[in-house]
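Fold and geometry: a report
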Amino acid sequence: SQTIHQWPATLVQPVGSPLSLECTVEGTSNPNLYWYRQAAGRGLQLLFYSVGIGQISSEVPQNLSASRPQDRQFILSSKKLLLSDSGFYLCAWTGQVETQYFGPGTRLLVL
Amino acid sequence: AQTVTQSQPEMSVQEAETVTLSCTYDTSESDYYLFWYKQPPSRQMILVIRQEAYKQQNATENRFSVNFQKAAKSFSLKISDSQLGDAAMYFCAYTNFGNEKLTFGTGTRLTIIP
C-alpha cells in the first residue's frame, strides 16, 4: 500500500532563517506531488505541484521554492523565512481516479 | 475557472443523528470528480468519499453518502449515525478529468453534541 511521509512534524524558526521541508511517498512510482499551505482557520492554498523529476509548477509567487530530486521525494524550501510563512504545510500525491492523498503535515511557526 | 462553494461555515448535530453538509460547484466541464475530505484536530486531510461525474449512482462509504445532482451542480454529504469522532472540518473539492489540481471549498466545521 502507499504511504506518504512528511518531516519534521513541527518546526519553529526565526525570521530570516532557511527552511527545508521534506515529503516522500512509498509504494507508488511517478506520482504527481503537491505542496499546500493552510493558515489557521483557513482553506488550502496550492503552492507547487510536480508531475515528474525536476518538473515544478508554481501557483503562488513568493519566497518559497520546491524541488523534486527523486521520483518520490518533494522538498519545499526557503532561503529566508518571513512571518507570513507561518502555517500548516501539507504534501499530497495523486492516486487512482485523480484522487489526492495527503501526508500528516508540518506545523511551521516563524517568530 | 471552476469554483467550489460551501455555504455553511459551521454545523452541529446531536450524536447518533444525521447531518447533511452542502456543497455547490461551478464548471463547464462534463468529466470531473468531486470529493469530500475530513480534517480532524490533527489537521491531516483524510479522504471521506469520491464521486465520478459520469456515474449516476451516488457514492456511499459506510455511514457517509453523497447526494450528487449534476444538473444542479450540487454535491452534499450525508453523515448518518453521527459519532464524536466525526467532529472535524469538512472540505468539498473538485477536479477535472485529467487535471492535476484540486479546487477546494472553504470548509464546514462540524460539531457533534454528546
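Below: a short report on this structure. Everything numeric here is computed off the predicted structure, so don't read it as measured data.

Some words on the overall build of chain B
- If you tally the helices and strands in chain B, you get zero helices and 12 strands.
- Secondary structure elements in chain B, listed N-terminal to C-terminal, are β-β-β-β-β-β-β-β-β-β-β-β.
- Radius of gyration (C-alpha) of chain B: 14 Å, near the 13 Å computed for a compact globule of 114 residues.
- Counting only C-alpha atoms and orienting by the principal axes, one finds that chain B spans roughly 40 × 25 × 20 Å.
- Taking all 114 residues of chain B together, 46% fall into the buried category.
- Restricting to contacts in chain B with at least 6 residues of sequence separation, those with at least 24 account for 56%.
- Taken together, the 10 basic and 11 acidic charged side chains of chain B have centroids lying 3 Å from each other.

Here we look at the pattern of salt bridges
- A complete count under the given rule lists seven salt bridges over all chains for this structure.
- As a salt-bridge pair, D85(A) and R37(A) come within 3.5 Å of each other at their nearest N and O atoms. With D85(A) in the loop between β8 (73-78) and β9 (87-94) and R37(A) in strand β4 (residues 33-38), this residue pair connects regions lying 48 residues apart in the sequence. Across the pair, exposure class does not vary: D85(A) and R37(A) are buried alike.
- Between R68(A) and D71(A) there is a salt bridge, with its nearest N and O atoms 3.4 Å apart.
- Connected via shared salt-bridge partners are R50(B), E52(B) and K55(B).

Topic: the nonpolar core
- With 25 residues, the main nonpolar core has Y25(B), W36(B), F75(B), L77(B) and Y90(B) as its most contacted residues.
- At four residues, strand β10 (residues 88-96) of chain B tops the list of elements feeding residues into this core.
- Formed by 20 residues, the second largest nonpolar core is a distinct cluster that contains L21(A), C23(A), V25(A) and L81(A).

Regarding the interface of chain A and chain B
- Contact with chain A, which involves 25 residues of that partner, is made by 22 residues of chain B.
- Roughly 1800 Å² of surface becomes buried between chain A and chain B when both sides are summed, with 54% attributable to carbon and sulfur atoms.
- Among the residues chain A hides against chain B, the three largest losses belong to V97(A), E98(A) and F102(A). Together they make up 30% of the total.
- Where chain A packs against chain B, one counts one salt bridge.
- Seen at the junction of chain A and chain B, the total is seven residue pairs in polar contact (both at pLDDT 80 or more).

With respect to the packing of aromatic side chains
- Scanning all chains against the criterion turns up 17 aromatic pairs over all chains.
- Seen from their ring centres, Y25(B) and Y32(B) are 5.3 Å apart, and the 65° between their planes marks the pair as edge-to-face. Side by side, Y25(B) and Y32(B) carry an identical accessibility label, which is buried.
- Arranged with centres 6.4 Å apart and planes meeting at 80°, the rings of F68(B) and F75(B) form a pair that is edge-to-face. Grouping residues by exposure puts F68(B) and F75(B) together as buried.
- Three or more aromatic residues joined by ring pairs form one cluster here, namely Y34(A), Y36(A), Y49(A), F102(A), F35(B), Y37(B), F91(B) and F104(B).

Scoring rules and cut-offs
Residues numbered from 1 in each chain as written. Chains lettered and ligands numbered in written order. Predicted model: local features only at pLDDT ≥ 70, side-chain atom pairs only at ≥ 80, totals over all residues. Heavy atoms only, no water. Helix = DSSP H or I, 4+ residues; strand = E, 2+ residues; numbered from the N terminus. Rg over C-alpha atoms; globule rule 2.2 N^0.38 Å. Buried < 20%, exposed > 50% of the residue type's maximum accessible area, 1.4 Å probe, protein only. Contact = heavy atoms within 4.5 Å. Lys, Arg positive; Asp, Glu negative; His and termini not counted. Charge placed at Lys NZ, Arg CZ, Asp CG, Glu CD. Salt bridge = Lys/Arg side-chain N within 4 Å of Asp/Glu carboxyl O. Core = buried A, V, L, I, M, F, W, Y, C linked by side-chain atoms within 4.5 Å. Buried area = accessible area lost by both parts, 1.4 Å probe. Polar contact = N/O pair within 3.5 Å; in protein donor to acceptor, adjacent residues only side chain to side chain. Phe/Tyr/Trp six-rings, centres within 6.5 Å; stacked < 30°, edge-to-face > 60°.

Structural measurements only, silent on function.
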